[in-house]
Each structure stands twice: as C-alpha cells, then as structure tokens.
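Structural overview for review
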Amino acid sequence: MQTERQKKMLIVEDEKSIRESLQEAFEDGNFEVLTEEDGESVMDVVKEEEPDIILLDIILPKKDGFEVLSELKGEVGTKNIPVILSTNLSDPSDIQKALDLGATTYLVKSNYSLDDIVKKVGSLI
C-alpha cells in the first residue's frame with residue numbers, strides 16, 4: 001500500500017518562539033516544514049523547495065508579507081501555491097488587501113490556537 005506523501009509547508013515568521021512552535025505543531029501534524037525568518041529569501045526557497053502551502057506573517061524584516069505575497073502571486077511558477085497570511089494585524093483594510101493580493105485566507109494569530117491553525121491549514125490542501 002502506498003503511503004501519502006507528506007505535505008511540504010513553508011512558515012515565514014520572524015519571531016523565533018512563534019516560528020518554532022508552529023514548526024513543531026505542523027511536524028506533529030505530519031507536515032514537512034521549512035522555515036524562513038524574513039521576507040527577502042522566500043522566493044528563492046519557494047522556487048527550490050516547491051512547498052504545497054505557505055504560512056506567511058505580514059510584519060517581517062527586509063520585505064513585508066504583502067510584498068512577498070504580491071511576488072508569489074505575480075509569477076507563473078508560484079501563483080497557484082496557497083498562501084495563508086498569519087498575523088496579529090486585524091484591521092479590515094489589511095485583511096482586504098491580503099485577499100485582493102491573492103491570499104487564500106487570513107488568520108489573526110491571537111484568535112487561534114496552534115491546533116486550530118494546523119487544522120485550518122490541513123483543510124486547505
């Protein structure tokens with residue numbers, strides 16, 4: 001019997017404790033997890049590793065999540081990868097901007113437990 005391939009996820013989060021907690025939660029949820037701590041190198045990692053889904057913070061050093069999302073959705077090879085924005089920005093204009101740029105969904109971190117985030121991501125791929 002063939003086993004299902006592990007889903008590959010990229011977590012882009014600058015806060016180390018959050019990044020490590022998310023990584024552990026997704027690995028426990030049977031994901032292969034890649035991590036980045038700033039927006040600058042995301043495109044290179046995505047092109048090389050081809051993740052199935054991306055969990056992207058908005059407030060990042062060097063290049064913010066909106067810029068990264070715009071780049072991802074602007075390239076043929078990456079535009080179909082689901083991108084979930086994960087942030088503490090809850091302003092409706094930020095949410096609308098993310099959706100307009102092509103985000104699959106938008107999670108306000110403080111509204112979800114780690115288990116809820118893993119379940120939500122799992123339901124999207």
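Re the sheet that holds strand β2 (residues 31-36)
- The 5 strands are arranged β2-β1-β3-β4-β5 in an open sheet whose pairing can be described as parallel. Among the strands making up the open sheet, the edge pair consists of β2 and β5 (105-108). Ignoring which end each strand starts from, the neighbouring axes of this sheet average 20° apart.
- In terms of strand pairing, strand β1 (residues 7-12) meets β2 through 6 bridges, oriented parallel. The residue bridging Met-9 from the neighbouring strand is Val-33, located in β2.
- On top of the sheet, helix α1 (residues 16-28) reaches β1, β2 and β3 (53-56); it is set at about 165° to β2, its chief contact.

Focus on the environment of Glu-50
- Of note, Glu-50 is situated in the loop between α2 (42-49) and β3.
- According to the relative accessible area criterion, Glu-50 is exposed, its value standing at 59%.
- When the C-alpha atoms of Glu-50 and Asn-88 are compared, they prove to be 27 Å apart, with 38 residues separating the residues in sequence.
- Discounting chain neighbours no more than four positions away, the residues touching Glu-50 are Lys-8 and Val-45.

Concerning the pattern of salt bridges
- Scanning the model with the defined rule gives 9 salt bridges in all.
- Of the charged contacts in the structure, one is a salt bridge between Arg-19 and Glu-37, with a shortest N-O distance of 3.5 Å. With Arg-19 in helix α1 and Glu-37 in the loop between β2 and α2, this pair connects stretches of sequence that are 18 residues apart.
- For Arg-19, a relative accessible area of 9% puts it in the buried group.
- Note that Glu-75 and Lys-47 form a salt bridge whose closest N and O atoms lie 3.1 Å from each other. With a gap of 28 residues between them, Glu-75 in the loop between α3 (65-74) and β4 (83-87) and Lys-47 in helix α2 connect regions that are remote in the sequence.
- For Glu-75, a relative accessible area of 32% gives the class partly exposed.
- In the salt-bridge network here, residues are joined through shared partners; they are Glu-13, Asp-57 and Lys-109.

So, the side chain of Asp-38
- Within the element layout of this structure, Asp-38 appears in the loop between β2 and α2.
- Within polar-contact distance, the side chain of Asp-38 engages the backbone nitrogen of Glu-40 at 2.8 Å.
- Each residue touching Asp-38, except ones within four places of it in the same chain, is listed here: Val-12, Pro-61 and Lys-62.

Topic: the pairing of β1
- The buried fraction of β1 is high, at 5 of 6 residues.
- As a crossover connection, the stretch from β1 through α1 into β2 is right-handed.
- Where β1 meets β3, 4 bridges bridge the pair, whose relative direction is parallel. By the bridge assignment, Leu-10 is partnered in β3 with Ile-54.

About the criteria used
Residues numbered from 1 in each chain as written. Predicted model: local features only at pLDDT ≥ 70, side-chain atom pairs only at ≥ 80, totals over all residues. Heavy atoms only, no water. Pairing = 2+ DSSP bridges. Helix = DSSP H or I, 4+ residues; strand = E, 2+ residues; numbered from the N terminus. Axes fitted to C-alpha atoms, helices over the stretch in contact; angles between N-to-C directions. Contact = heavy atoms within 4.5 Å. Buried < 20%, exposed > 50% of the residue type's maximum accessible area, 1.4 Å probe, protein only. Salt bridge = Lys/Arg side-chain N within 4 Å of Asp/Glu carboxyl O. Polar contact = N/O pair within 3.5 Å; in protein donor to acceptor, adjacent residues only side chain to side chain. Right-handed = clockwise from strand over helix to strand, strands pointing away.

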